[in-house]
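# Understanding the architecture of this molecule
Residues per chain are reported as follows:
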Amino acid sequence: MKSIMRSILSNSRGNLKDNVHKIISILNDFTEKRLIVQGTIFHGYLIKKGISSQKQIAVKLLIMYLKSGKPNDINQMLKEFDGFNLVVRNCLISANLEWGKLDEARQLFDEMPERNEVSWTAIISGLLRYGRVEEAIWYFERNPFPSLFSWTAAISGLVQNGSSVKAMKLFVEMLQSGVLPNNVTLTSVIRACGELSDFNLGMCVLGLIVKVGFEHDLSVSNSLITFNLRLNDTVSAMTIFNRMQSKDVVSWTAILDMYVQMGELAEARRVFDEMPERNEVSWSTMISRYSQSGDAEEAVNLFIHMVQQGFKPNKSCFASVLSALASLEASVLGKIVHGHILKLGMERDAFIGSSLVDLYCKCGGTKDGRVAFDSILEKNVVCWNSMVGGYSLNNQLEEAKELFDKIPRKDNISWNSLITGYLEYEKFDEVFEVFSDMLLSGERPSKSTFSSVLCACASLASLERGKNLHGKAIKLGFHSDIFVDTALVDMYAKSGDVESSKKIFKRMPKRNEISWTAMIQGLAENGFAEEALAVFEEFEQTKSIAPNELLMLAVLFACSHCGLVDKGLYYFNSMEKVYHIQSNDRHYTCVVDMLSRSGRLSEAEKFILDMPCEPEVQAWAALLSGCKTYRNERMAERVAEKISELAEKNPGGYVLLSNVYASAGRWLDVLHMRKLMKEKGLKKSGGYSWIEVRNQPHFFYSQDGSHNESSEIYGVLELMRSEMVLK
DNA sequence: CTAGGGTTAG
């Protein structure tokens, strides 16, 4: 700052024009880098020098303040700059557009006493930037200055909105009206061809490019690289890149993205590290790619490096890093980044807002998430979905439903977010209700819709509904989708129809570790433990997929249920050595259960005591049940002692212990336990069972009430019993 | 007025 002042001062005796140029370039720099504090100090200096109201400088100062995002001072400024209204109003319009205050911008535009080409171009491109295509076209058609600029603004705006067909139509109209494109127009048009994945159209445009003489233009070449990447022609992309006489950051970033597209993230990183020049977009690209491919930590690391090296993150970059922070549930770092965003006035942006909503909700703070949601100015469907998803995630399902009903234009993800919320918290009736609303609304269910709703069927063992959905999925062409098929395998197995489950599993063209887990677990739970292990051996021979924790748990469960203790121990011991999977408490419980069931009680006890992590209460319970079966009362006494210790910490332990005492006939201890539970305000959740008859589940509760037709049911049972006794 | 980078569910 001081050095800038000094250089101005030393020049102050020189040519005034040179000084103005210098001041303007400094102000431009402050504006671009949003250095509002430095800018204000500099403003003070200019006032002192008596040149702050020089026309060009005054406008630049105004733009700097406008871009720094202080909408409340607008009116004051307008009054001060009442000499050159048109320019100032244009600035105001673009500033309002930048803040997303579209209606204010429109009002300002409509009330302008006179308008120039810049005013028209600003309002058209601004509206397009926020997807208000209809309004933009309305203005475009009334534009009295249809210059190359405004044609280009409209075309590029349409492309950015995904309305590439409309953009191409406009381009043809432009050519017909006798206006020739420049390199800027052409880059947008090539992008449109890429969005449409239309090779022939691209070739036509290429002909035009050569004809107009832009084939060696840097921007045009860059967009041609991207066009070829869109069409998966990496060879042509690389050829263009190699033939370019001059390359810039954009070219390098495009090639970086090419390697990502080819699945070579490491190679992309190498390009990134060796690029001759990097800017905030190159950083953004690398950060977002790490975030998208699941390496959130590296994304955040890179972001920190970027800031340390003095790069100013922009909206896209913030959106990417917030998404990475959300998946890491890093609320502390998230709040720091949020602070910076607030300082820059970017929290009103839809992309950043959505990420903030997601971040806070993933960290459990739906209230903070809602604040972030409410501060977004122009909400798109993603913002709504993030908030609905956030409520769903945190079991605030009423809020989720209420907000969902307010979404102006719902998309597939809106429906799925609500459905997964209900599924997660086992509100299965609501899952089906929302699903049928979805069908009624005309929204086509997607693969993830099917996998969620099928999962609800699996949890309810609702075979009829599951079969119905299976039919619908086939009709919609999802019959060989890996997610849908896996859900079907699980649904049929959980509903007891192992044959159908096996049939679907067998004809799956592709399987992932979840598919294999569903099949192995399904077979084991239905009493086909040996077959489950055979499937696991088949899995091992594929060698293409590594098993995960859940798959190994299913395998151990199978071993435990067919008495193959040594095999189970073998698999357990090879988990870390062979498969590099850290065994968790649930795996240990499974092994304890396995040993206890086969009577190897002292081994089980030693195993439990040697565990590197805290054993689950269930592990002790499994051992205790073994003690009971094999009548080892002394060990039972020790284990019960241990369980009651754990019960202090784990409320589930009381329930378990009271059951253990009950089965041992120690009723006094049972009473004691119940009393303790009551004192601690614990309730034993009632067990129940259910069957489904014609899509209608019938519940049977272990405690009160049971079933409202229980007398009839018992009547029939009695009848059947007497029949059986007679024969 | 521009090419390269952005958010949500599974």
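Residues numbered from 1 in each chain as written. Chains lettered and ligands numbered in written order. Predicted model: local features only at pLDDT ≥ 70, side-chain atom pairs only at ≥ 80, totals over all residues. Heavy atoms only, no water.

Looking at an unreviewed UniProt entry, one finds chain A named Chlororespiratory reduction 21 and attributed to Anisodus tanguticus.

Turning our eyes to something else, we now look at the overall build of chain A. Regarding its fold elements, chain A presents 42 helices and 2 strands. Taken across its 727 residues, chain A has 45% of its residues classed as buried. Within the structure as shown, chain A displays about 38500 Å² of accessible surface, and the carbon and sulfur contribution to it stands at 53%. (Helix = DSSP H or I, 4+ residues; strand = E, 2+ residues; numbered from the N terminus. Buried < 20%, exposed > 50% of the residue type's maximum accessible area, 1.4 Å probe, protein only. Areas by Shrake-Rupley, 256 points an atom, 1.4 Å probe, with all protein chains shown as cover.)

The end-to-end C-alpha distance of helix 18 (residues 280-292), which contains 13 residues, comes to 18 Å, matching closely the 18 Å that a straight helix rising 1.5 Å per residue would cover. Among all positions of helix 18, only Ser282, Trp283, Ser284, Thr285, Met286, Ile287, Ser288, Tyr290 and Ser291 are buried. Among the structural elements, helix 16 (249-261), helix 17 (265-274), helix 19 (296-308) and helix 20 (315-328) are those in contact with the buried residues of helix 18. Capping the start of helix 18, asparagine 279 holds a side-chain oxygen 3.0 Å from the backbone nitrogen of valine 281, two or three residues further along. One or two steps after helix 18, the chain reaches glycine 294, where phi turns positive at roughly 90°. (Expected span 1.5 Å × (residues − 1). Contact = heavy atoms within 4.5 Å. Polar contact = N/O pair within 3.5 Å; in protein donor to acceptor, adjacent residues only side chain to side chain.)

Once that is clear, we can look at the UniProt feature "repeat: PPR" (unreviewed entry) in chain A. UniProt annotation of "repeat: PPR" (unreviewed entry) refers to residues 85-119, 147-181, 248-278, 279-313, 380-410, 411-445, 481-511 and 512-546 when read in the numbering used here. The span residues 481-511 is 71% helical and 0% strand by assignment, and the distance between its end C-alpha atoms comes to 10 Å. (UniProt positions renumbered as here; feature names shortened; annotations may be inferred.)

Tallied over the full model, the rule gives 22 aromatic pairs. Both rings, one in phenylalanine 42 and one in tyrosine 45, keep their centres 5.9 Å apart while their planes meet at 20°; by these two values the pair is stacked. Here phenylalanine 42 and its partner tyrosine 45 are both found in helix 3 (residues 36-49), 3 residues apart, which amounts to about one turn of the helix. Given the relative accessible area of 0%, phenylalanine 42 is considered buried. Of the residues examined, tyrosine 45 reaches a relative accessible area of 10% and is grouped as buried. Judged by centre distance (5.6 Å) and plane angle (55°), the rings of tyrosine 570 and tyrosine 571 are tilted. Ring pairing ties together the aromatic residues Phe505, Trp516, Phe536, Phe539, Tyr570 and Tyr571, which thus form one cluster. A cation over an aromatic ring shows up here: arginine 278 above the ring of phenylalanine 272, its NZ or CZ 5.0 Å from the ring centre. (Phe/Tyr/Trp six-rings, centres within 6.5 Å; stacked < 30°, edge-to-face > 60°. Lys NZ or Arg CZ within 6 Å of the ring centre and 35° of its normal.)

The subject of this paragraph is helix 28 (residues 447-460). Over its 14 residues, helix 28 runs 20 Å from end to end, which matches the ideal 20 Å to within 8%, given 1.5 Å per residue. In terms of burial, helix 28 is a largely internal element, 10 of the 14 residues being buried. When we look at burial in helix 28, the residues that qualify are Thr449, Phe450, Ser451, Ser452, Val453, Leu454, Ala456, Cys457, Ala458 and Leu460.

What follows is about the pattern of salt bridges. Enumeration according to the criterion identifies 28 salt bridges in this entry. Here glutamate 298 and arginine 269 are joined by a salt bridge, their closest N and O atoms 3.0 Å apart. Here glutamate 298 is found in helix 19, whereas its partner arginine 269 is found in helix 17, with 29 residues between them in sequence. Overall, the relative accessible area of 22% leaves glutamate 298 in the partly exposed class. Notably, a salt bridge pairs lysine 315 with aspartate 349, separated by 3.9 Å at the nearest N-O pair. Of this pair, lysine 315 sits in helix 20 while aspartate 349 sits in the loop between helix 21 (331-344) and helix 22 (350-362), placing them 34 residues apart in sequence. For lysine 315, a relative accessible area of 31% translates into the label partly exposed. Judged by relative accessible area, which is 17%, aspartate 349 ranks as buried. When salt bridges with common partners are traced through the structure, they connect Asp103, Arg106, Arg132, Glu135 and Glu378 into a single cluster. (Salt bridge = Lys/Arg side-chain N within 4 Å of Asp/Glu carboxyl O.)

Attention now goes to the nonpolar core. Counting residues in hydrophobic clusters, the biggest one holds 137 residues, and the most contacted among them are Phe536 and Leu623. In terms of residue count, the dominant contributor to this core is helix 34 (residues 549-561) (8 residues). Excluding residues that lie within four positions of it along the chain, phenylalanine 536 makes contacts with Ile520, Leu551, Met552, Val555, Tyr571 and Tyr579. Counting 46 residues, the second-largest nonpolar core is a separate cluster that includes Val88, Ile155, Leu170 and Cys193. (Core = buried A, V, L, I, M, F, W, Y, C linked by side-chain atoms within 4.5 Å.)

So, about the protein's contact with DNA strand B. The immediate surroundings of DNA strand B are formed by 41 residues, with Phe149, Asn279, Arg289, Asn314 and Ser354 found nearest. Each atom of DNA strand B within 4 Å of the protein was classed as base or backbone; sugar and phosphate made up 43%. One of the side-chain nitrogen or oxygen atoms of threonine 285 is found 3.1 Å away from a sugar or linking oxygen of DNA strand B. Its residues assigned to classes, the surface near DNA strand B comprises 10 nonpolar, 23 polar and 8 charged. (Near = heavy atom within 4 Å. Nonpolar A, V, L, I, M, F, W, Y, C, P; charged D, E, K, R; others polar.)

Further remarks concern the packing of helix 27 (residues 428-441) against helix 28. Each pair of packed helices gets described by two things: the angle between the helix axes and the distance between those axes. Helix 28 packs onto helix 27 with a crossing angle of 145° between their chain directions and a minimal axis gap of 10 Å. For the pair helix 27 and helix 28, the crossing hand works out as left-handed. The segment helix 27 lies against helix 28, with Phe428, Val431, Phe432, Phe435 and Met438 engaging Thr449, Val453, Ala456, Cys457, Ser459 and Leu460. Per-class residue counts for the contact of helix 27 with helix 28 are 9 nonpolar, 2 polar and no charged. (Axes fitted to C-alpha atoms, helices over the stretch in contact; angles between N-to-C directions. Left-handed = near helix turned anticlockwise from the far one by under 90°.)

Helix 14 (residues 218-230) packs onto helix 13 (residues 199-212) with a crossing angle of 165° between their chain directions and a minimal axis gap of 12 Å. Comparing the axis directions of helix 13 and helix 14 gives the class roughly antiparallel. When you trace helix 13 past helix 14, the crossing you get is left-handed. Between helix 13 and helix 14, the contacting residues are Phe199, Gly202, Met203, Leu206 and Ile209 on the first element and Val220, Leu224 and Phe227 on the second. Grouping the amino acids of the contact of helix 13 with helix 14 by side-chain chemistry returns 7 nonpolar, 1 polar and no charged. (Parallel < 35°, antiparallel > 145°, perpendicular 65-115°, else oblique.)

This part covers a nonpolar patch on the surface. A surface patch of nonpolar side chains, amounting to about 620 Å² of accessible area, comprises Ile713, Tyr714, Val716, Leu717, Met720 and Met724. Checked against the element boundaries, methionine 720 lands in helix 42 (residues 710-726). (Patch = residues over 30% accessible without salt bridge, like charges linked within 9 Å, V, L, I, M, F, W, Y side chains within 5 Å.)

Okay, the side chain of serine 284 next. Positionally, serine 284 belongs in helix 18. Among all residues touching serine 284, those that are not within four sequence positions of it are Asn314, Ser316 and Cys317.

Attention shifts here to unusual backbone geometry. One non-glycine residue with positive phi stands out, namely glutamate 426, at about 60°. Along the polypeptide, glutamate 426 turns up in the loop between helix 26 (412-424) and helix 27. For arginine 631, which is not glycine, the phi torsion reads 50° and is therefore positive. Mapping arginine 631 onto the fold places it in the loop between helix 38 (617-629) and helix 39 (633-649). Arginine 631 gets classed as exposed once you look at its relative accessible area, which sits at 72%.

On to the environment of alanine 330, then. By the element assignment, alanine 330 lies in the loop between helix 20 and helix 21. For alanine 330, a relative accessible area of 21% translates into the label partly exposed. The contact partners of alanine 330, leaving out residues within four places of it in the chain, are Leu325, Leu359 and Cys363.

Tracing the chain through its elements places valine 337 in helix 21. Through-space distance from the C-alpha of valine 337 to that of valine 321 is 9.0 Å; in sequence the pair is 16 residues apart. Those residues in contact with valine 337, other than ones at most four positions away along the chain, are Phe303, Phe318, Val321, Leu322 and Leu325.

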